[in-house]
Amino acid sequence: MKKKSRTGSVAIPFLITFLISLVIIGGAAMFIYDKIDSDESSLVSMVNEVGTLSEEDDHTILFVLDMSDTVASDSNDYYDEEEENYEDEYSDDEYSEEDEYDWEEDGEEEEETETYSQQPYTFMIMRSEPVDKKMIFMGIPSNMLVGESNRQAQDIYLDNGTSALSSSIEFTLGIPIDRYMKLNTESFEKLCNILGGVTFAVPKDVKTVTPADGEQYLSAEQIAEIVSCGNYSGGELQRISTVSSLVTAMVNQTSGERIAGNLDNIFNTMINMTESDISAIDYNDRKYAIKFMLKYSDPQDSEARSTRAQFITPYGSADGSDFVADKYFADDIKVYFGSIGEETETESTADTAAEAETVTGNE
């Protein structure tokens, strides 16, 4: 009698077991894949964090804050209103000796009010050194003499623009300025809100912001008032020193990790609200370094303030209404900003090395 083959009976259970294994393993793989894919933002973030960091990422930017769009119009509206009220109050029909006495008192009050002035133009240089995770701010007094023409910074800006002012500062201080950005009142207040405002002691010379004992939180509008105040007892030099201190405090108090995480959106927002020669290529080339600097300069204690930013105040002497920087000042700041000669020499050395490498390659 012929024996029945067992091949079919063995093969069928084997195939069933194999298919069940595929289902189990494949299901597990799909679960893991879905878990990873659901956190797509983390993967994108990791890819974006890949980059290089070197001293070539150091850069210097001239910031020009032009608040003439609001400061000038507010002042004119105020004086127009005062003049109209004065004419209504002292008409010929109602004039008397008592009114004359009141007029003298009102005149004194008006004179005191008129002494409060505002400065719509603020110039500041920012140096960023991502490798060292630090930033340097240096205010330029609006009445500082700069350029070959030896004119006030404000006059050069008003007559020839931001680019000319940048070149004039380079000429006088001997430091390279890579790019510039010009802000108006709206874009400046937007930037202040992005950084999150600041806790700062209101200077006593600022009459438009209610002072407090010690530091107080300031909104973007209050910051703009402090920046544009023209009544500092120490004049323009004190104003620009106060502004530098204020900006430094705001940068040190903000969350670097928060700013770094949203840097792309911040750049797009600000570049569309300002006049600047900073290109998208410039930003892409340095954004990894900027994010690194911001993120890793946060203090470990969340209640502490960062020390990533410092500020420098020019020193010199007054010559009438002009401010003349001391002859040693330009030499002192080169340790922070470098010098045009050193930059040119570095670029020349790099070009020579590149040419030599090309020749060697061709050989």
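Residues numbered from 1 in each chain as written. Predicted model: local features only at pLDDT ≥ 70, side-chain atom pairs only at ≥ 80, totals over all residues. Heavy atoms only, no water.

Draft legend 1. Layout of the nonpolar core. In this structure, F137, V198, L218, I223, I226 and L246 are the most contacted members of the largest nonpolar core, which totals 47 residues. Among the elements that line this core, the one with the most residues is helix α9 (residues 235-253), at six residues. Leaving out residues up to four positions away in the same chain, F137 has contacts with M124, I125, M126, V247, T248, V251, A309, Q310, F311 and I312. By size, the runner-up hydrophobic cluster in this structure holds 26 residues, among which are F123, I125, V146 and I333. (Core = buried A, V, L, I, M, F, W, Y, C linked by side-chain atoms within 4.5 Å. Buried < 20%, exposed > 50% of the residue type's maximum accessible area, 1.4 Å probe, protein only. Helix = DSSP H or I, 4+ residues; strand = E, 2+ residues; numbered from the N terminus. Contact = heavy atoms within 4.5 Å.)

Draft legend 2. The arrangement of the pattern of salt bridges in detail. Per the stated rule, a full pass over the model turns up 10 salt bridges. For R151, the salt bridge identified is with D159, shortest N-O distance 2.4 Å. For R151, a relative accessible area of 28% puts it in the partly exposed group. Taking the relative accessible area as the measure of exposure, D159 reaches 52% and is therefore exposed. (Salt bridge = Lys/Arg side-chain N within 4 Å of Asp/Glu carboxyl O.)

Draft legend 3. Seen up close, the packing of helix α7 (residues 185-195) against helix α11 (residues 263-273). Look at α7 against α11: their axes get within 9 Å of each other, and the N-to-C directions meet at 165°. Here α11 runs roughly antiparallel to α7, going by the angle between their axes. In this structure, the crossing between α7 and α11 has a hand that is left-handed. Of the residues in α11, those touching α7 at E186, S187, K190, L191 and I194 are I266, T269, M270 and M273. Of the residues assigned to the contact of α7 with α11, the class counts are five nonpolar, two polar and two charged. (Axes fitted to C-alpha atoms, helices over the stretch in contact; angles between N-to-C directions. Parallel < 35°, antiparallel > 145°, perpendicular 65-115°, else oblique. Left-handed = near helix turned anticlockwise from the far one by under 90°. Nonpolar A, V, L, I, M, F, W, Y, C, P; charged D, E, K, R; others polar.)

Draft legend 4. Quick look at the pairing of strand β12 (residues 322-325). Burial along β12 is one-sided: F323 and A325 are buried, and none of D322 and V324, which face the opposite way, are. Of the pairings in the sheet, the one linking strand β11 (residues 316-319) to β12 comprises four bridges and is antiparallel in character. In the sheet register, D319 faces β12, and the bridge partner there is D322. (Pairing = 2+ DSSP bridges.)

Draft legend 5. Representation of the environment of S168. Residue placement: S168 occurs in helix α6 (residues 162-173). Judged by its relative accessible area of 12%, S168 falls in the buried class. Taking C-alpha positions, S168 is 9.7 Å from Y157, a pair spaced 11 residues apart along the chain. Once residues lying within four places of it in the same chain are set aside, the contact partners of S168 are V146, G147 and I156.

Draft legend 6. Quick peek at the packing of aromatic side chains. Counting across every chain of the model gives five aromatic pairs. For the pair F123 and Y157, a centre-to-centre distance of 5.7 Å together with 65° between the ring planes defines the contact as edge-to-face. With F123 in strand β2 (residues 121-129) and Y157 in helix α5 (residues 153-160), this pair connects stretches of sequence that are 34 residues apart. Like F123, the residue Y157 is buried in the burial classification. Among the aromatic residues, those joined into a cluster by ring pairs are Y121, F123 and Y157. (Phe/Tyr/Trp six-rings, centres within 6.5 Å; stacked < 30°, edge-to-face > 60°.)

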